[in-house]
Amino acid sequence: MIQISALPAFTDNYIWLLQDHHNRRCAVVDPGDAAPVLAWLAEHPEWVLSDILVTHHHHDHVGGVERLKKATGATVYGPASENIPGRDVALNDNDRVTVLGWEFDVYAVPGHTLGHIAYYHHGRLFCGDTLFAAGCGRLFEGTPEQMHHSLSRLAGLPEDTLVYCTHEYTLSNLRFAVAVEPNNPDIADRLEKVSQLRDSGRMTLPSTLALEKLTNPFLRTGETSVKQKADERNGRDNRGPSEVFAALRAWKDTF
Ligand code: ZN
Ligand code: FE
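Please read all numbers here as calculations on a predicted model, not as lab measurements. (Residues numbered from 1 in each chain as written. Chains lettered and ligands numbered in written order. Predicted model: local features only at pLDDT ≥ 70, side-chain atom pairs only at ≥ 80, totals over all residues. Heavy atoms only, no water.)

Trainee: Looking at this model, I keep getting lost on the layout of surface pockets. Mind explaining?
Mentor: A water-sized probe rolled over the atoms picks out the places where empty space is left. Volume-wise, the largest pocket comes out at about 240 Å³. Forming the walls of the largest pocket are 17 residues, and the residues nearest its centre are F132, C136, R138, Y169 and R249. For the lining of the largest pocket, the secondary-structure elements that each account for two or more residues are α5 (170-180) and α9 (241-253). For the lining of the largest pocket, the leading source of residues is α9, giving three residues. In terms of residue class, the lining of the largest pocket is made up of five nonpolar, seven polar and five charged. (1 Å grid on protein atoms, 1.4 Å probe; cavity = no way out; pocket = protein on both sides within 12 Å on 5 of 7 lines; lining within 4 Å. Points joined across faces, edges and corners; volume = space filled by probe spheres on them. Helix = DSSP H or I, 4+ residues; strand = E, 2+ residues; numbered from the N terminus. Nonpolar A, V, L, I, M, F, W, Y, C, P; charged D, E, K, R; others polar.)

Trainee: Would you mind going over the coordination of the zinc ion (ligand 1) with me for this structure?
Mentor: When four donors bind a metal tetrahedrally, each ideal donor-metal-donor angle is 109.5 degrees, and when six bind octahedrally, the ideal angles are 90 or 180 degrees. Every protein donor of the zinc ion (ligand 1) is listed here as H56 (NE2), H58 (ND1), H112 (NE2) and D129 (OD), and their distances to the metal cover 2.2 to 2.3 Å. Taken together, the four donor atoms coordinating the zinc ion (ligand 1) and their angles of 86 to 170° define a geometry best described as irregular. In the primary sequence, the donor residues of the zinc ion (ligand 1) line up as H-x1-H-x53-H-x16-D. Separating the zinc ion (ligand 1) and the iron ion (ligand 2) is a distance of 3.2 Å, and D129 donates to both of them. With H58 in the loop between β4 (48-53) and α2 (59-62) and H112 in the loop between β8 (102-108) and β9 (117-121), this residue pair connects regions lying 54 residues apart in the sequence. Exposure remark for H112: the relative accessible area of 3% places this residue in the buried category. (Donors = N, O, S within 2.8 Å, 3.2 Å for Na, K, Ca; no water. Tetrahedral: all angles 85-135°; square planar, octahedral: opposite > 155°, others 65-115°. Buried < 20%, exposed > 50% of the residue type's maximum accessible area, 1.4 Å probe, protein only.)

Trainee: Is there a simple way to think about the coordination of the iron ion (ligand 2) in this case?
Mentor: Around the iron ion (ligand 2), the protein supplies D60 (OD), H61 (NE2), D129 (OD) and H167 (NE2) as donor atoms, at distances of 2.1 to 2.3 Å. In this structure, the iron ion (ligand 2) is coordinated by four donor atoms arranged in irregular fashion, with angles at the metal of 83 to 168°. The sequence pattern describing where the donors of the iron ion (ligand 2) fall on their chain is D-H-x67-D-x37-H. The exposure class of D129 is buried, given its relative accessible area of 3%.

Fair warning: the whole summary comes from geometry, so function is off the table for now.
Here's what the structure looks like:
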């Protein structure tokens, strides 16, 4: 059995820690900072860090990779088309890797960055800065069409998939979701729950794809009310979900 927990980093990042209790080996996803991981390893000296999974090249995801690799000799996995420090295994779309005995499918999900990848194993999705709880990553490199396509692909995974994204943005994302869909009871309900969690300093992740489909405006671009709101915002008839997505993403950038 593999256990998944979060090591907080910076102000709102989570470094996901995967522990294989059978072999006392562990892996981390997107260690933007080595310090929280090294601190955990120091407190748990019987554990060996064997693998590091990276979703994309941004500093808050790779900043700790080289130091951790030097300290532990861990194998570093990352997207083939991006510059990832210390990368040992370069991954492309539809590759499959075995980490801690778990087989992960690799999906190319361009949008936030062009080479961004996600890792999926049996109902667990590590999606970096692509799909967030109630939101999605900014388009630093890709087009709205690319991001919309990437999100649609992730949305096609099983409904009960647990979504392990990298940032604690859920509350601010839900405030935007309410602006998009003021009459959506699932969003209102989630906002209340997430507010309570944050008030008591707790994290709001992982999410599930089922909940995202009910409350994440960026996965709801096919809904009539969402399209109407997007049309209202940019004053045109947005044709199709991809254009609705583009309108929402542009609105969120200045929200
Ligand atoms: Zn990023
Ligand atoms: Fe990030």
